[in-house]
Amino acid sequence: MNNNTYPFVLPPLPYAYDALEPFIDSETMHCHHDKHFAAYITKLNTALERYPNLQKYTLEQLLTYQNTIPETVKTAVVNNGGGVYNHFLFFNNLSPASESNHQPSGSLSEAIKIKFGSFDNFRKEFTAAALDIFGSGWVCLGNEGITGLQILKLKNQETALDFDAKPIILFDVWEHAYYLKYKNERERYVNALWNIIKF
Ligand code: MN
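Here the structure is a predicted model, which means the values were calculated and not measured.

A.B. asks: Whenever I open this one, the coordination of the manganese ion confuses me. Can you help?
C.D. replies: Any two of four tetrahedral donors ideally make an angle of 109.5 degrees at the metal, while pairs among six octahedral donors ideally make 90 or 180 degrees. Coordination of the manganese ion by the protein is provided by H32 (NE2), H87 (NE2), D172 (OD) and H176 (NE2), with metal-donor distances spanning 2.0 to 2.2 Å. Positions of the donor residues of the manganese ion along the chain correspond to the pattern H-x54-H-x84-D-x3-H. The class for D172 is buried, based on a relative accessible area of 0%. In this structure H176 comes out as buried when scored by relative accessible area, which is 16%.

Below, the structure written as structure tokens:
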């Protein structure tokens, strides 16, 4: 998706809608993927429709070189492009709880231990950041060249690219991601995500 260009197409979920039950329910997945994610794609395409010069850029290039986008369409491209970028990564970084890939391994596991002391400590800090976000946004583990691993708090549809970082995992803490099942209890939703996050 990050290297795709206009017109962008909604990618299917890489698993069944009910595959993440009971942590994320099928109704939320339908609404989140088929309505919210799809709307970001449609709106990004609409924004780019009358700008053939922008249509040759990949999604990642559009988000990285925002200053080259005409002011008339910049907000629409950045907001909706960020929504596409974040949601693609989010849905692709989840997997059924029965799979055995919910803990980091190899060099990422080592880097997390060095930076945060332990995986448990990383998990605590990441969860606290997710609960601390005021309003809509994301929490992301990003890898930034010089400083290494960072927990990033993203507002609305900011992306790790805005922090010159490469995203590794991210949690969607917009209410649309959890309200049907968890209502106002963001903490229960965030804790549930650790069972299905894919490293
Ligand atoms: Mn979302």
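A.B. asks: Sorry, what's going on with the side chain of Q157 here?
C.D. replies: Relative to the helices and strands, Q157 is located in the loop between β2 (148–155) and β3 (165–172). Within polar-contact distance, the side chain of Q157 engages the side chain of N86 at 3.2 Å. At a separation of 2.8 Å, a polar atom in the side chain of Q157 contacts the side chain of W138. Excluding residues that lie within four positions of it along the chain, Q157 makes contacts with Y40, V78, N79, G82, G83, N86, H87, W138 and W174.

Reading the values: the criteria
Residues numbered from 1 in each chain as written. Predicted model: local features only at pLDDT ≥ 70, side-chain atom pairs only at ≥ 80, totals over all residues. Heavy atoms only, no water. Donors = N, O, S within 2.8 Å, 3.2 Å for Na, K, Ca; no water. Buried < 20%, exposed > 50% of the residue type's maximum accessible area, 1.4 Å probe, protein only. Helix = DSSP H or I, 4+ residues; strand = E, 2+ residues; numbered from the N terminus. Polar contact = N/O pair within 3.5 Å; in protein donor to acceptor, adjacent residues only side chain to side chain. Contact = heavy atoms within 4.5 Å.

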